[in-house]
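Coordinate analysis (summary)
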Amino acid sequence: MTVSFINAWGILLKGGPMMWPILLLSILAVTVGIEKFLCLSAIEKEARKFKPVFFKAVRENRMKDALGICEDNISGIGNICRAGLMKFGSSVDLIKASMIEAAGFEIHALKQRLNLLVFIVNAAPLLGLLGTTSALCVVFHAAQMRSNALNPLSLGDMSSGIWQALLTTSAGLTVGIISYAIYSFTADRVNEVIVSFEQTISEAVGILQAVSELDRQEDP
């Protein structure tokens, strides 16, 4: 083990029992951040490849091919466009409503575990504060007991105890700040994907309606 790792481990142990839940929250925040980053990146990549191929098939009135493209797509946008295709030939409002309903399920999936990040942002500093106040209670109780025994704690001993107590506050604030940064970045990415869904719905509804009108005009 390196010296820096040993020092970090020693500081973690000196912070008291509240350091362990704070450490757990930090691991959860980083894990959720990585998972959401990979998931959103995959969705955006698939959407960029999906839209040109799908819209080309729809414009050429190859609805079966377009449906197959939707079913082969692993991102949420495929399910949204599939819902619109299933209502092809219906009114604009019905097509749009069907796609919006499908988008609601996909948006709910996108927002999963964001509430966990919000919880960590709020819980980590509070756990740090709780650890500090608990440790300070122990320090001052020890000072009172030693004072009653006519063997008061030295200023150095009290400073050491208070320093250790404040470690939990520093750790809690650090985890809270990092978690908030992860949440803000993830929430912005989710909003970008939602806007992309909305743009796709508007474009798909217009194209489907235009193709449907051409079909009606060509019918005798």
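Refer to the structure printed above.
Since the model is a prediction, treat every value here as computed from it, not as a measurement.

**Here we look at a nonpolar patch on the surface**
Nonpolar side chains collect at one region of the surface, where Val30, Ile34, Phe37, Leu38 and Phe185 lie side by side and expose about 480 Å² of accessible area between them. Looking at which element gives the most residues to the nonpolar patch, the answer is helix α2 (residues 19-59), with four residues. With respect to the secondary-structure elements, isoleucine 34 resides in helix α2.

**Section: the packing of aromatic side chains**
Within the structure shown, the criterion is met by three aromatic pairs. With centroids separated by 5.1 Å and ring planes inclined at 15 degrees, the aromatic side chains of phenylalanine 50 and phenylalanine 54 adopt a geometry described as stacked. Of this pair, phenylalanine 50 and phenylalanine 54 both sit in helix α2, four residues apart, which is roughly one turn of that helix. Neither phenylalanine 50 nor phenylalanine 54 differs from the other in exposure class; each is buried. Members of the aromatic cluster, each reached through a chain of ring pairs, are Phe50, Phe54 and Phe55.

**Considerations on the environment of asparagine 115**
Tracing the sequence through the fold places asparagine 115 in helix α6 (residues 114-148). Taking the relative accessible area as the measure of exposure, asparagine 115 reaches 66% and is therefore exposed. Separated by 68 residues in the primary sequence, asparagine 115 and tyrosine 183 have C-alpha atoms spaced 9.2 Å apart.

**With respect to the packing of helix α4 (residues 76-86) against helix α5 (residues 92-110)**
Running from N to C, α4 and α5 point in directions that differ by 155 degrees, and their axes come no closer than 8 Å. Taken together, the axes of α4 and α5 lie roughly antiparallel to each other. Viewed along their axes, α4 and α5 form a crossing whose handedness is right-handed. Counted together, Gly76, Asn79, Ile80, Cys81, Ala83 and Gly84 of α4 and Ile95, Ser98, Met99, Ala102, Ala103 and Glu106 of α5 form the full contact between these two elements. For the contact of α4 with α5, the residue count by class is seven nonpolar, four polar and one charged.

**Considering the pattern of salt bridges**
In total, this model carries seven salt bridges according to the counting rule given. Arginine 113 is the partner of glutamate 35 in a salt bridge, and the nearest nitrogen-oxygen pair spans 3.1 Å. Of this pair, glutamate 35 sits in helix α2 while arginine 113 sits in the loop between α5 and α6, and the two are 78 residues apart along the sequence. Taken together, the shared-partner salt bridges connect Glu60, Arg62 and Asp65 into one network.

**Comments concerning the nonpolar core**
In globular proteins that are soluble, nonpolar side chains generally tend to be buried together. Judged by nonpolar contacts, the single largest core of 44 residues is most densely connected at Phe54, Val58, Ile80, Cys81, Leu85, Met99 and Leu110. Of all the secondary structure elements, the ones that give two or more residues to this core are α2, α3 (63-72), α4, α5, α6 and α7 (155-218). Leave out the neighbours within four places in its chain, and phenylalanine 54 touches Ala66, Ile69, Cys70, Cys81 and Leu85.

**Topic: the side chain of serine 98**
Tracing the sequence through the fold places serine 98 in helix α5. On the basis of relative accessibility, which here comes to 14%, the residue serine 98 falls in the buried class.

**Regarding unusual backbone geometry**
It is generally the case that most residues other than glycine have a negative phi and that most peptide bonds are trans. Of note in the backbone geometry, asparagine 61 takes a positive phi value of approximately 60 degrees without being a glycine. Note that asparagine 61 resides in the loop between α2 and α3. Residue asparagine 61 is classed as partly exposed on the basis of its relative accessible area of 35%. For arginine 113, which is not a glycine, the phi torsion comes out positive at approximately 75 degrees.

**Here's the deal with the environment of leucine 167**
Here leucine 167 shows up in helix α7. Look at leucine 167 and you get buried, because its relative accessible area is 14%. For the pair leucine 167 and threonine 132, spaced 35 residues apart in sequence, the C-alpha separation works out to 7.5 Å.

Procedures and definitions
Residues numbered from 1 in each chain as written. Predicted model: local features only at pLDDT ≥ 70, side-chain atom pairs only at ≥ 80, totals over all residues. Heavy atoms only, no water. Patch = residues over 30% accessible without salt bridge, like charges linked within 9 Å, V, L, I, M, F, W, Y side chains within 5 Å. Areas by Shrake-Rupley, 256 points an atom, 1.4 Å probe, with all protein chains shown as cover. Salt bridge = Lys/Arg side-chain N within 4 Å of Asp/Glu carboxyl O. Helix = DSSP H or I, 4+ residues; strand = E, 2+ residues; numbered from the N terminus. Phe/Tyr/Trp six-rings, centres within 6.5 Å; stacked < 30°, edge-to-face > 60°. Buried < 20%, exposed > 50% of the residue type's maximum accessible area, 1.4 Å probe, protein only. Axes fitted to C-alpha atoms, helices over the stretch in contact; angles between N-to-C directions. Parallel < 35°, antiparallel > 145°, perpendicular 65-115°, else oblique. Left-handed = near helix turned anticlockwise from the far one by under 90°. Contact = heavy atoms within 4.5 Å. Nonpolar A, V, L, I, M, F, W, Y, C, P; charged D, E, K, R; others polar. Core = buried A, V, L, I, M, F, W, Y, C linked by side-chain atoms within 4.5 Å.

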